[in-house]
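Inside the fold
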Amino acid sequence: MSAQTDPLYPGMTLEAADRDSHDAAEPVIFGFWIFLMSDLLLFAVLFATYAAMSTHGQADAPGPRELFELGSIFIETMLLLGSTFTFGMASLAMKYDQGAGAVVFWMVVTGLLGAGFLGFEISDFYQFAVIEGAPPQASGFLSSFYALVATHGLHVASALVWMVVMFVQIAVFGLSREVKLRIMRLALFWHMLDVVWVGIFTFVFLFGVVQ
Amino acid sequence: MRLARYLNSGGAARAGALLLAALSLAGCADLGFINPAGPVAAAQRDHLWSILWWMMPVVVPLFVLLPLILWRYRYRGAGDYRPDWTHSNQFEVLIWGLPVIIVGVLGYNLWVETVEMDPYKPLPGGEPMQIQVIGYDWKWLFLYPEQGVSTVNALYLPVNRPVEFELTSASVLQSFLIPKLGGQIYAMPGMITKQNLKGDVAGDYIGLNTQYNGNNFTDQHFDVHVVPEASFDAWVTHVKDSGAPALDEKMLAALQVPSVPEAPDLFSTAPDGAFEGVVEQAMVKGTCGI
Amino acid sequence: MSDWYWIFGNLKWNSLVFFHAFESPSASEEIAAGAALMVILGGLWLVWLLTVKGWWRPLWRDWLTSPDHKKIGIMYVVVALVMLARAVAEAVVMRLQQAVAVNDPGFLSADHFGQLFSTHGTIMIFFMAMPFLTGVINYVMPQQIGARDVSFPVMNAVSLALTTAGAVLVMVSLVFGQFETGGWTAYPPYTGIRFSPGEGVDYWIWAVSLSSIGTTLSGINFAVTIYKERAPGMTLMRMPLFTWTTLCTAILMIFAMIPLTAATAMLALDRYAGFHFFTTDKGGDMMNYANLFWLFGHPEVYILILPAFGVFSEVIPVFSGKRLYGYTSLVWATMAIAVLSFTVWLHHFFTMGQSANLNAVFGFATMTIGVPTGVKVYDWMLTMYRGRLRFTTAMLFSVMFLVTFVVGGITGVMLANPTVDFATHNTLFLVAHFHNMLIPGLLFGMIAAMQFWFPKAFGFRLDERWGKISFWCWSIGFYVAFMPLYALGLMGAMRRSFEWYQPEFLPYLVVAAGGALLILCGLIALFVQLWVSVKHRDQLRVPAGDPWDAHSLEWMSAAPAPEWNFAVIPEVHGREAFLEAKRDGTAYLPPERYEDIHLPAHSAMAPLIGVGALALGFGLTWHIWWMVAAGFIGIWAVVIARSFVTDTGHVIPADVVQREHERWLELVRNTPAVDRGVEQQSENLGHAEAVI
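Residues numbered from 1 in each chain as written. Chains lettered and ligands numbered in written order. Predicted model: local features only at pLDDT ≥ 70, side-chain atom pairs only at ≥ 80, totals over all residues. Heavy atoms only, no water.

Some words on the UniProt feature "domain: Cytochrome oxidase subunit II copper A binding" (unreviewed entry) in chain B
Summarizing the sequence annotation, UniProt attributes the feature "domain: Cytochrome oxidase subunit II copper A binding" (unreviewed entry) to residues 126–238 of chain B in the numbering used throughout. In residues 126–238 of chain B, the share of helix is 9% and the share of strand is 53%. The end C-alpha atoms are 25 Å apart. (UniProt positions renumbered as here; feature names shortened; annotations may be inferred. Helix = DSSP H or I, 4+ residues; strand = E, 2+ residues; numbered from the N terminus.)

This is how it looks when you write it as structure tokens:
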């Protein structure tokens, strides 16, 4: 029914072991890429707002230098980068048909790493907002900081919910075509969040401390 | 014939429209920058007309040819019929080329005029007089630091003397416009904008806030009096000697309360730092009032 | 905070609009109460009608749960027409107020007037224009590219549900509490919690957010559909122009709605959680809002106008009996406009005090949009050149668009100049300009689309007599209403003014009010046209499906089209696919073989999400937190539950398809092909005699 005959979508494909699902993936994965693009745009807007606010929105509240500690940020970065690797393993397990067990194992590891990331982030927020007296209400700069970082955190949290739903689906349906396509999309989503975090790590935290 | 009737009335509607447009442009009462009282408004008006004329080469052909085409190629009309005619290099060059040329000319013009008419650039004719403007809900405060007087909702300007306004707002976004003098600039809390103007025709005009800021938005207009230099000096002396109150902290605080003054107020001082105080206050603590 | 806060939030007895009309009766309050009453009575009437006619079940089964892009499109247009009626009525009230308010307070309160211009703008953009064009795109585009549906049919229904929830929220604001007064742009700090503490801005925030999320999803859906679902042989450069403009609009939707969603979310954080994005204190900066809003707002203008350009590119060639002139030019011009639309947003605030060079860059970029737009206008004119023009209502609206749009283009080029903008910004000159772009450039296009594709959708044409009455009222009304506003603007009359102090303005305001009344007549005539056409549908039937001797694929099926659009996906060999097929004599040939057709199954997901979204929006507006939680959890529960549904499609057996299709082919064979001269008469049964 579609005009295209050979799928063109980028990223890890199912071509190797499951040709049918691979063909069905084309419009779905393509559509998801477009969604990711618009989601990235949301982050772009938040980054731009942060860039503007961090130069002239600090008022009399603490600025990035007083606030940021690279220690826990580094741990968060490692956790998230590690989780991208483990999700990659899950995708490979799916691609080469290594069975639901392998896929679930790597996804569980990914989820744990993601949850760890979130835990550290929440403790960071607690540290900033409560202990150091810099809640988002304190200045425009802090508003934009929390908005940007927490939007990323909320994305990670919703990806974790999604992951739990996928565990249930694997249990109910096994690795059916629909489930595979959903895991592929979750994988893309997860990797995008990692890319966004690299941006946050660099532009918000590193630059903030260096300035 | 039905078709003829449509076309005729179409023509009539267009003619009526043009007439209306012409009427509306030519028949403007002695208001607005179309009847300027200063060089900025005059330049803006001239620019407006020049754009209109430069647009003519692209729009006149349409207005002339379209009715002709509608008539000539009507169903059962006399025009030849070539349903598969979809391309012509000559026409392509013309319909892309002509707009490109016109936009090129107009764009060049735009650049020159924009830089020339930058509201931040002082106008020729000597050192500009400084006036600080603070927008409140729903009134304007004018401070004359050099003369040491201030007014609410009354702006006195010496004729032919360039003026530089510095603006800020003590409430929300406001927009400062004196239609007869041209130009318009936002007044924003915590920020300072500038507008250079000059009145070269003495007279009484109206000034506006054009940015909606609540129920009494419409009432936030002020009187502009462009007067001869001597009268201006006499006015300053009069304000200082007439026993007008000083613009002290209490007065400034009173202005923060949203209100519409019955009549313009005059003050015999223009305290240093009052303007900067409002800017600073907005930036750090937020505007008080409300 | 009352004892009932945990149940009713900030909603109180006296939030009901009637309360004020009762407590302090005035013309203004009674108008508000009357409007609220109309909403309630309208709702009750609808419930009554559905009950009496027994339409609840069909409404749910055949419409609300339907993933069919055609039905979704029609529902979008219905939403748009309802909202159009309200917003036009508001415009008339405002024009009348201004005409009597010269040195006189008039009959409206300042606050009521503020709400009127805010809802008028918000509705016209988000709940009239957007649903209208999304509806037309939904109906037409998949058929035009030879597809059975959009790529994500259920998501399509979700978009509709979100947009409708937003529209309902705006309607609800007529009954409970007040809408905001900060205009459709809702500039902070005025709309911040300090200066607008009530529920009004919250209504705006959530209504607009719902609509913008729905629109983003629509954009993704349309883009993927066009990239992935085209019939074999339909290369990009063979797509009909309407599909091209849809593609550009979809791309703009994907990119442009996000900044708006972000801006409204930040404004909400400021208002609900004490953040400082746009406040006047603690480093908040309202200029960020202006940038974000117009980063959306300017592409939005082209989201609105491009589909109408597409409509004119379909209507004009068909009623000129001729192929479209300058297809390639039009495609490039469309793309150029789409790209340029992201480079001009600053022209909405030349007066914010940035450097002259920056203003000049954006002014120049703005002006360059005049080039592709001018090219388009000439292309349409040259399409008519050497044609045989038939002045149906759709064609008349298209021709009037050309003329009127050019007038708006002139003032647009003027306003692109920062110097001219300084003198006219925030005046009625600006108001006249954007109405001069959007009424012909959007509304005339959508009305033309409705006239043009209505017979496709319902199987009978719209009454031409009432169509033409409507046309003349709209066209003359437009000029009478808006030309005086240009003059007023040049005289320094500001926008959003509920009272005047310059007696010189009076004659212009009175004329403009007369124009508004004429426009109202045009709208009423449009509704009368619908009613008359339904009543006389037997004389207007075009079952064979091609009433206008049209060119593109969507006409190559019965009217109305079957659920599956095409019995067999057509093979495309050229630009005007249906025209080519009619010339080759292949348009009405039976296919070699029929196959089973897979279609998406009906799903209750979309209406449930719509209800959840409405609860979420209403709860947030009034701080009814249990409702917010219920709406939020409800929406995601539905989404997750849906992911467990495996039976997401149904199959139409090949023999059913064959039976239906052959019945239609038989019908076409038995329908006399008619000459274009009787196109507007009852002889036209939808089988066109080949002319070219």
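Things to note about helix α8 (residues 200–228) of chain C
End to end, α8(C) covers 42 Å across 29 residues, agreeing with the expected 42 Å (1.5 Å per residue, within 8%). With respect to burial, α8(C) is a largely interior element, 27 of its 29 residues being buried. (Expected span 1.5 Å × (residues − 1). Buried < 20%, exposed > 50% of the residue type's maximum accessible area, 1.4 Å probe, protein only.)

So, the interface of chain B and chain C
Facing the 102 residues of chain B at the interface are 104 residues of chain C. Taken together, the two surfaces of chain B and chain C that pack against each other cover about 9,200 Å², and 72% of this comes from carbon and sulfur. Three residues, Tyr75(B), Tyr81(B) and Tyr212(B), lead the burial of chain B against chain C; their summed loss comes to 9% of the area buried on that side. Between the two partners, chain B and chain C, sit two salt bridges. The partner of Asp84(B) in a salt bridge is Arg323(C), and the shortest N-O contact between them spans 2.7 Å. Between chain B and chain C we count 28 residue pairs in polar contact (both at pLDDT 80 or more) in total. Among the elements of the structure, α1 (2–26), α2 (39–72), α3 (89–116), β6 (174–178), β7 (182–187), β9 (203–209) and α6 (274–284) of chain B are those that each provide at least two residues to the side of chain B that touches chain C. It is α2(B) that provides the largest number of residues to the side of chain B that touches chain C, a total of 16 residues. (Contact = heavy atoms within 4.5 Å. Buried area = accessible area lost by both parts, 1.4 Å probe. Salt bridge = Lys/Arg side-chain N within 4 Å of Asp/Glu carboxyl O. Polar contact = N/O pair within 3.5 Å; in protein donor to acceptor, adjacent residues only side chain to side chain.)

Section: the nonpolar core
Nonpolar side chains in soluble globular proteins tend to be buried together. Counting residues in hydrophobic clusters, the biggest one holds 322 residues, and the most contacted among them are Phe145(A) and Met384(C). When neighbours within four sequence positions are excluded, Met384(C) is seen to be in contact with Leu66(B), Ile69(B), Leu70(B), Tyr73(B), Ile316(C), Ser320(C), Leu389(C), Met395(C), Val399(C) and Leu402(C). Formed by 35 residues, the second largest nonpolar core is a distinct cluster that contains Trp140(B), Leu155(B), Leu167(B) and Val239(B). (Core = buried A, V, L, I, M, F, W, Y, C linked by side-chain atoms within 4.5 Å.)

Examining the packing of helix α6 (residues 110–144) of chain C against helix α16 (residues 428–458) of chain C
For any two helices packed against each other, the geometry comes down to the angle between their axes and how far apart the axes lie. Residue and element names in this part refer to chain C. Orientation of α6 relative to α16, taken along the N-to-C sense of each, is 40°, at an axis distance of 10 Å. When the axis of α6 is compared with that of α16, the two are oblique. Crossing of α6 against α16: the hand is left-handed. Every residue of α16 that contacts α6 at His120, Ile125, Met128, Ala129, Phe132, Leu133, Val136, Tyr139, Val140, Gln143 and Gln144 is listed here: His435, Leu438, Leu442, Leu443, Met446, Ala449, Met450, Trp453, Lys456 and Ala457. Of the residues belonging to the contact of α6 with α16, the class tally is 16 nonpolar, four polar and one charged. (Axes fitted to C-alpha atoms, helices over the stretch in contact; angles between N-to-C directions. Parallel < 35°, antiparallel > 145°, perpendicular 65-115°, else oblique. Left-handed = near helix turned anticlockwise from the far one by under 90°. Nonpolar A, V, L, I, M, F, W, Y, C, P; charged D, E, K, R; others polar.)

Looking at the packing of aromatic side chains
Residue and element names in this part refer to chain C. This structure, assessed with the given rule, holds 81 aromatic pairs over all chains. Aromatic pair Tyr187 and Tyr289: ring centres 6.1 Å apart, planes at 85°, arrangement edge-to-face. With Tyr187 in the loop between α7 (153–172) and α8 and Tyr289 in helix α10 (residues 286–320), this residue pair connects regions lying 102 residues apart in the sequence. You can call Tyr187 buried: its relative accessible area is 7%. Exposure remark for Tyr289: the relative accessible area of 0% places this residue in the buried category. Seen from their ring centres, Phe397 and Phe444 are 5.2 Å apart, and the 70° between their planes marks the pair as edge-to-face. Remark: Phe444 occurs in helix α16 and Phe397 occurs in helix α14 (residues 393–416); sequence separation between them is 47 residues. (Phe/Tyr/Trp six-rings, centres within 6.5 Å; stacked < 30°, edge-to-face > 60°.)

Things to note about unusual backbone geometry
Residue and element names in this part refer to chain C. Geometrically, the link from Pro188 to Pro189 is a cis peptide bond, its omega value of 0° lying close to zero. Mapped onto the elements, Pro189 comes out in the loop between α7 and α8. The step from Ala559 to Pro560 runs through a cis peptide bond, and the omega angle for that step is -10°. As for its placement among the helices and strands, Pro560 is situated in the loop between α19 (537–540) and α20 (577–584).

Some points on the sheet that holds strand β3 (residues 149–152) of chain B
Residue and element names in this part refer to chain B. Read from one edge to the other, the open sheet built from six strands follows the order β8-β5-β1-β2-β3-β11, with strand pairing classed as mixed. The sheet is open, and its two edges are formed by β8 (193–197) and β11 (265–267), each paired on a single side. Here the strands of the sheet are splayed against their neighbours by 20° on average, with no regard to which way each runs. Pairing analysis gives four bridges linking strand β2 (residues 139–144) to β3, with the strands arranged antiparallel. Each residue of the ladder has a partner; that of Leu143, found in β3, is Ser150. Contacts from helix α4 (residues 229–241) reach β1 (129–136), β2, β3 and β11 within the one sheet, and its direction differs from that of β3 by about 90°. (Pairing = 2+ DSSP bridges.)

Examining the packing of helix α1 (residues 19–56) of chain A against α8(C)
Relative to each other, α1(A) and α8(C) sit at 140°, their axes nearing to 10 Å. Judged by the inter-axis angle, α1(A) sits oblique to α8(C). Taken as a pair, α1(A) and α8(C) cross one another with a handedness that is right-handed. Residues Glu26(A), Pro27(A), Phe30(A), Gly31(A), Ile34(A), Phe35(A) and Ser38(A) of α1(A) form the contact with α8(C), whose own contacting residues are Thr216(C), Ile220(C), Ala223(C), Val224(C), Tyr227(C) and Lys228(C). A per-class count over the contact of α1(A) with α8(C) returns eight nonpolar, three polar and two charged.

Structural notes on the pairing of strand β5 (residues 163–169) of chain B
All names here are of chain B. Burial within β5 is extensive, with seven of its seven residues counted as buried. Burial along β5 is two-sided: the residues Val163, Phe165, Leu167 and Ser169 and Glu164, Glu166 and Thr168 are all buried. With seven bridges joining them, β1 and β5 adopt parallel strand pairing. Bridged to Ile131 within β5 is Phe165. The sheet contact formed by β5 and β8 spans five bridges and is antiparallel. Paired with Val163 across the bridge in β8 is Leu197.

Points about the UniProt feature "transmembrane region" (unreviewed entry) in chain B
Taken from the UniProt record, the annotation "transmembrane region" (unreviewed entry) applies to residues 52–73 and 93–111 of chain B. Measuring from the first to the last C-alpha atom of residues 93–111 of chain B gives 26 Å, for a span that is 100% helix and 0% strand.

Structural notes on the pattern of salt bridges
Pairing between side chains becomes possible if they bear opposite charge and their charged atoms approach one another. Residue and element names in this part refer to chain C. As enumerated under the stated definition, the model contains 24 salt bridges over all chains in all. Between Glu576 and Arg323 there is a salt bridge; the shortest N-O distance is 2.6 Å. A residue pair is termed long-range when its members are at least 10 positions apart, and Glu576 in the loop between α19 and α20 and Arg323 in the loop between α10 and α11 (327–340) qualify at 253 residues. Each of the two residues, Glu576 as well as Arg323, counts as buried. Glu666 is the partner of Arg669 in a salt bridge, and the nearest nitrogen-oxygen pair spans 3.1 Å. Here Arg669 and its partner Glu666 are both found in helix α23 (residues 654–670), three residues apart, which amounts to about one turn of the helix.

Considering the side chain of Ser268(B)
Residue and element names in this part refer to chain B. Considering the arrangement of structural elements, one finds Ser268 in the loop between β11 and α6. A distance of 3.0 Å separates a polar side-chain atom of Ser268 from the backbone oxygen of Ala244. Once you skip the residues sitting within four places of it in the chain, Ser268 turns out to touch Gly148, Val149, Val239, Lys240, Ala244, Pro245 and Ala246.

Topic: the sheet that holds strand β10 (residues 221–227) of chain B
All names here are of chain B. Pairing within the open sheet is mixed, and its five strands lie in the order β4-β10-β9-β6-β7. Among the strands making up the open sheet, the edge pair consists of β4 (154–158) and β7. If you compare each strand with its neighbour and ignore which way they point, the axes differ by 20° on average. In this structure, β6 lies alongside β7, joined through five bridges in antiparallel fashion.

Overview of the environment of Ala44(A)
The topology assignment puts Ala44(A) in helix α1. Separated by 155 residues in sequence, Ala44(A) and Gly199(A) have C-alpha atoms that sit 9.9 Å apart.

Observations concerning the pairing of β2(B)
All names here are of chain B. For β2, the tally of buried residues reaches six of six residues, placing the bulk of the element in the interior. Here β2 shows no split at all, with Lys139, Leu141 and Leu143 on one side and Trp140, Phe142 and Tyr144 on the other all buried. Sheet topology places β1 next to β2; five bridges connect them, and they run antiparallel. For Gly135, the partnering residue across the bridge sits in β2 and is Trp140. In sequence, β2 turns back onto β3 through a hairpin of four residues, with Gly148 there showing a positive phi of about 75°.

With respect to helix α12 (residues 356–368) of chain C
Taking 1.5 Å of rise per residue, the 13 residues of α12(C) would be expected to cover 18 Å, and the 18 Å separating its terminal C-alpha atoms lies within 8% of that figure. For α12(C), the complete set of buried residues consists of Ala356(C), Asn359(C), Ala360(C), Phe362(C), Gly363(C), Ala365(C), Thr366(C), Met367(C) and Thr368(C). Among the structural elements, α3 of chain B together with α11, α13 (370–384), α14 and α15 (418–424) of chain C are those in contact with the buried residues of α12(C).

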